[in-house]
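The residues making up each chain are set out below.
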Amino acid sequence: MSRGLRNNNPGNIRRSKVRYRGEVQPSQDPEFRQFSAPEWGYRAIFVLLDTYRVRYGLRTVTQMISRWAPPTENRTQAYIDAVCRMTGLAHDEPLDTRDRATMVPLAAAISRVENGTAAVMRDVERGWALFSD
């Protein structure tokens, strides 16, 4: 099982000062957050991507993934290409981070790239419900 899935953190969100609902404190992973259940990890993906749009003005898959998975640590262009292929979104298509039909497939694609296995869609949907409440 991948580290992200063991941590219920399907986006492999790194530790920082920001706290998310459902986060396990303290995390037993020295680098990545841990969540109490997968849906909380998916909720954190939705929150973080929405923050990218609202706070930083990042509106496209290319912009968001470039921040999510910077080239200093990742093959960012391959990541972007994979997410676009899996979701059908264009690289530079403006995204509405409050639109379920856009964001659920996007989070599932991020999880697939991060963990090497298909997301459990029930968990992604539960994460969206937690985010949109």
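Residues numbered from 1 in each chain as written. Predicted model: local features only at pLDDT ≥ 70, side-chain atom pairs only at ≥ 80, totals over all residues. Heavy atoms only, no water.

**Q** Any chance you could explain helix α3 (residues 61–68) here in plain terms?
**A** Residues that lie three or four places apart on an α-helix share one face, since the helix turns once every 3.6 residues. Listed as buried for α3 are Val61, Met64, Ile65 and Trp68. When α3 is viewed along its axis, its buried side chains cluster within an angular range of 90 degrees and face the same direction. (Buried < 20%, exposed > 50% of the residue type's maximum accessible area, 1.4 Å probe, protein only. Helix = DSSP H or I, 4+ residues; strand = E, 2+ residues; numbered from the N terminus. Arc of directions from axis to C-beta.)

**Q** How do you make sense of the nonpolar core when you look at a structure like this?
**A** General note: in soluble globular proteins, nonpolar side chains tend to be found buried as a group. By size, the foremost hydrophobic cluster in this structure holds 36 residues, and its most contacted members are Phe46, Leu49, Ile65 and Trp68. Looking at this core, the elements with two or more residues in it are α2 (38–56), α3, α4 (76–87), α5 (100–115) and α6 (121–132). Per-element tally for this core: the top contributor is α2, with eight residues. In this view, isoleucine 65 contacts Pro70, Thr76, Tyr79, Ile80, Val83 and Ile110; residues no more than four positions away in its chain are not counted. (Core = buried A, V, L, I, M, F, W, Y, C linked by side-chain atoms within 4.5 Å. Contact = heavy atoms within 4.5 Å.)

**Q** Teacher, can you tell me more about the environment of proline 10 here?
**A** Inspection of the secondary structure puts proline 10 in the loop between α1 (3–6) and α2. When its relative accessible area of 2% is taken as the criterion, proline 10 is described as buried. Considering only alpha carbons, one finds proline 10 and glycine 88, 78 residues apart in sequence, at a separation of 20 Å. For proline 10, the contacting residues outside a window of four places in its chain are Gly4, Pro38, Gly41, Tyr42, Ile45, Ile110, Ser111, Glu114 and Asn115.

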